[in-house]
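A closer look at the structure
Okay, here's what each chain looks like letter by letter:
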Amino acid sequence: MEALLHYFENIPSLHRVIIIVGGLTVFWIIEGIVPLFGFKYHKWKHAIPNIFFTLTTILVNLPLAFLFLKASDWVMVNNFGILNWLPHMPLWLYTILGVFLIDFIGAYLPHLLEHKVKPLWMIHLVHHSDQKVDTTTANRHHPLESVIRYVFTLMGIFIIGTPIVLILLYQSLSVVFGQFNHANIKLPKKLDTILSYVIVSPNMHKVHHHYRLPYTDSNYGNIFSVWDRLLGTYKKLDTDKIVYGVDVFPDEKANSNIKDLLIQPFQKYKRPTMTDQS
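Remember, it's a predicted structure, so these values are computed and weren't measured experimentally.

Of all residues in the protein, 99% attain a pLDDT of 70 or more, and the chain-wide mean is 91. No element of the protein has a lower mean pLDDT than helix 1 (residues 2–9), which averages 78, and none a higher one than helix 10 (residues 202–208), which averages 96.

Structural data, given as structure tokens:
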């Protein structure tokens, strides 16, 4: 565990890029071998706006990374935050608990709020408007959403008392898990179900991308599925009933155009409709 943490504490920027590109490549290939949905689409053309937003996410986070470092240094020097107030524990437990808490404050909580607060939902809409969800959808976030997620993670550093190494480890895990659970891959249902008790599995997250409520407002988890199960936001839906996108923004051409996606948060709010569950 010490060697792992030492690596992430000093991880070169090139290695972080390799993790992003490598994950996309691996899941892209698997999608071609065992796809969940047989999309009739030009895969590279579909990927262009999603890769664009992946790059904007990187561009937002890189200049602000020094704030993570400053905040982490401060909480460690001042012995501030949950991890620093707990009794001494084994390094492996400290690491798991830290990543677990970051996942809640830096990912689950802002994601939940983005679905409940109208202006935030309009920003998050860029992610949900993809009507062909695949591994490239994972980082399809408007630059404003990247800032929102950044602020919550920064807040999490102070609340949790997180050293920078756990932030860097979490971000790398988050990228890979996001690519995994968005990927258009077909896992054996039993395996997917077993995985979903611990982590956000592909089928579990696909429910979140269903085009109508209440399924859109469920399964907010990023890495760990326990938050949805504990807080009552977990839902199941057979994959053959899932339709991607957002019902009140059905224009697939606009939802695939970078210019339209950049101004999407500033459109008039449209109330999503509820699926009949009877």
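So much for the structure itself; the text now carries on.
To continue, consider the pattern of salt bridges. Applying the stated criterion to the full structure yields eight salt bridges. The salt bridge involving Lys116 is made with Asp217; its shortest N-O contact spans 3.8 Å. Highlighted residues: Lys116 in helix 5 (residues 91–116) and Asp217 in the loop between helix 10 and helix 11 (226–231), separated in sequence by 101 residues. Classification of Asp217 by relative accessible area gives partly exposed; the value is 21%. Two residues, Arg212 and Asp247, come together in a salt bridge whose shortest N-O distance is 3.7 Å. One end of the pair, Arg212, is in the loop between helix 10 and helix 11; the other, Asp247, is in the loop between helix 11 and helix 12 (258–263), with 35 residues separating them in the sequence. Since its relative accessible area comes to 30%, Arg212 is described here as partly exposed.

Attention now moves to the side chain of Thr136. Here Thr136 shows up in the loop between helix 6 (118–128) and helix 7 (143–160). Within the local environment of Thr136, its side chain forms a polar contact with the side chain of Asp134, the two groups lying 2.6 Å apart. The residues touching Thr136, leaving out its near neighbours within four places in the chain, are Leu24, Trp28, His46, Ala47 and Asn50.

Along the polypeptide, Asn203 turns up in helix 10. Once residues lying within four places of it in the same chain are set aside, the contact partners of Asn203 are Leu36, Asp192 and Thr239.

For helix 2 (residues 13–33), built from 21 residues, the straight-helix expectation of 30 Å at 1.5 Å per residue is met to within 8% by its first-to-last C-alpha distance of 31 Å. Residues Ile20, Gly23, Leu24, Phe27, Trp28 and Glu31 constitute the buried set of helix 2. For helix 2, the angular spread of the buried residues around the axis is 125°, confining them to a single face. Facing away from the buried side of helix 2 by over 90 degrees, the exposed positions are Leu14, Gly32 and Ile33. The inward-facing, buried residues of helix 2 contact helix 3 (43–77) and helix 8 (164–182).

What follows deals with unusual backbone geometry. Cis peptide bonds are those with omega within 30 degrees of zero, and the linkage from Leu213 to Pro214 qualifies with 0°. The topology assignment puts Pro214 in the loop between helix 10 and helix 11. Of note in the backbone geometry, Asn219 takes a positive phi value of approximately 50° without being a glycine. Checked against the element boundaries, Asn219 lands in the loop between helix 10 and helix 11.

Basis of the calculations
- Residues numbered from 1 in each chain as written.
- Predicted model: local features only at pLDDT ≥ 70, side-chain atom pairs only at ≥ 80, totals over all residues.
- Heavy atoms only, no water.
- pLDDT = per-residue confidence, 0-100.
- Helix = DSSP H or I, 4+ residues; strand = E, 2+ residues; numbered from the N terminus.
- Salt bridge = Lys/Arg side-chain N within 4 Å of Asp/Glu carboxyl O.
- Buried < 20%, exposed > 50% of the residue type's maximum accessible area, 1.4 Å probe, protein only.
- Polar contact = N/O pair within 3.5 Å; in protein donor to acceptor, adjacent residues only side chain to side chain.
- Contact = heavy atoms within 4.5 Å.
- Expected span 1.5 Å × (residues − 1).
- Arc of directions from axis to C-beta.

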